[in-house]
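Residue strings, one per chain:
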Amino acid sequence: MSNIVYIALSLDGYIADKEGDIAWLESVANPDGGDLGFGEFMAGIDALVMGRNTFEKVVSFGIDWPYNKPVMLLSNSLKQLPEGFTGDVRIVNGELKQLVSSLNQQGYHNLYIDGGITIQQFLAKELIDELILTRFPILLGGGAPLFGELLQSQSFKHKQTKVLLNELVQSHYVRA
């Protein structure tokens, strides 16, 4: 069972710029339109745990819901999904360790943890088992940081690093 982060970030550690924009994710040319390993990653995932801000950002793109796995939408304030929404999304809340245990008991063993605040909350509870980080060659100078304060340090072991599109550096770490 693994709780896995798969996310892109700037060289200075931000996942969105000062205005909350992620347009910089298109700053590296991808002429073949490859998914850079995301499809392979998703094939090993049972469900996503996504924060409300990330959910709202994805919905704002005005595209078909991009996930074919169940999404557990972590929110204490959202009570219902937007009218007409058709994706497999369930609103969940509560203590994270209990939530993960409940999801594991329901057969969801490999969870994709998505959203800056959600990732920080999972890290604070020492609930992240793997980090797959794709660094873009850009300094944003501020914005939404991927990492926040922790009560104590957490150790991870390097598993693999790949260079994608001759510009992106994707590193995979597992909890030590």
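Residues numbered from 1 in each chain as written. Predicted model: local features only at pLDDT ≥ 70, side-chain atom pairs only at ≥ 80, totals over all residues. Heavy atoms only, no water.

**What about helix 3 (residues 96–105)?**
This is how it is decided: Classification of residues uses two cut-offs on accessible area relative to the type maximum, computed with a 1.4 Å probe and protein chains only: under 20% is buried, over 50% is exposed, and between them is partly exposed. Think of it this way: any DSSP run of H or I at least four residues long counts as a helix, any run of E at least two long counts as a strand, and we number them from the N terminus. The arc in question is formed by the directions pointing from the helix axis toward the C-beta atoms. Nitrogen and oxygen atoms within 3.5 Å of one another constitute a polar contact, given that in protein one can donate a hydrogen and the other can accept it, and given that sequence-neighbouring residues count only through two side-chain atoms.
Turning to helix 3, its buried residues number three or more, namely Leu96, Leu99, Val100, Leu103 and Asn104. Down the axis, helix 3 shows its buried residues gathered within 135 degrees of arc, on one side only. Exposed and facing more than 90 degrees away from the buried side of helix 3 are Gln98 and Gln105. In this structure Glu95 caps helix 3, since a side-chain oxygen of it lies 3.0 Å from the backbone nitrogen of Lys97. Positive phi appears at Gly107, one or two residues downstream of helix 3, with a value of about 100 degrees.

**What to know about the nonpolar core**
What counts is decided by this rule: We define a nonpolar core as any set of buried Ala, Val, Leu, Ile, Met, Phe, Trp, Tyr and Cys residues linked to one another through side-chain atoms lying within 4.5 Å. Throughout, a residue-residue contact means that at least one pair of heavy atoms, one from each residue, lies within 4.5 Å.
Among the nonpolar cores identified, the biggest contains 24 residues, and Val49, Leu111, Ile113 and Phe122 are the most heavily contacted of them. Of all the secondary-structure elements, those providing two or more residues to this core are strand 1 (2–10), strand 3 (47–51), strand 4 (71–74), helix 3, strand 6 (110–114), helix 4 (116–124) and strand 7 (130–136). Top contributing element to this core by residue count: helix 3, with 4 residues. Here Ile113 is in contact with Asn3, Ile4, Val5, Tyr6, Val49, Thr118, Ile119, Phe122 and Ile128, once residues within four sequence places are set aside. Counting 17 residues, the second largest nonpolar core, distinct from the first, contains Val58, Trp65, Val71 and Tyr112.

**Thoughts on helix 4**
Residues of helix 4 that are buried include every one of Gly116, Thr118, Ile119, Phe122 and Leu123, and no others. Down the axis, helix 4 shows its buried residues gathered within 165 degrees of arc, on one side only. Two residues or fewer past helix 4, Glu126 is found with a positive phi of approximately 55 degrees.

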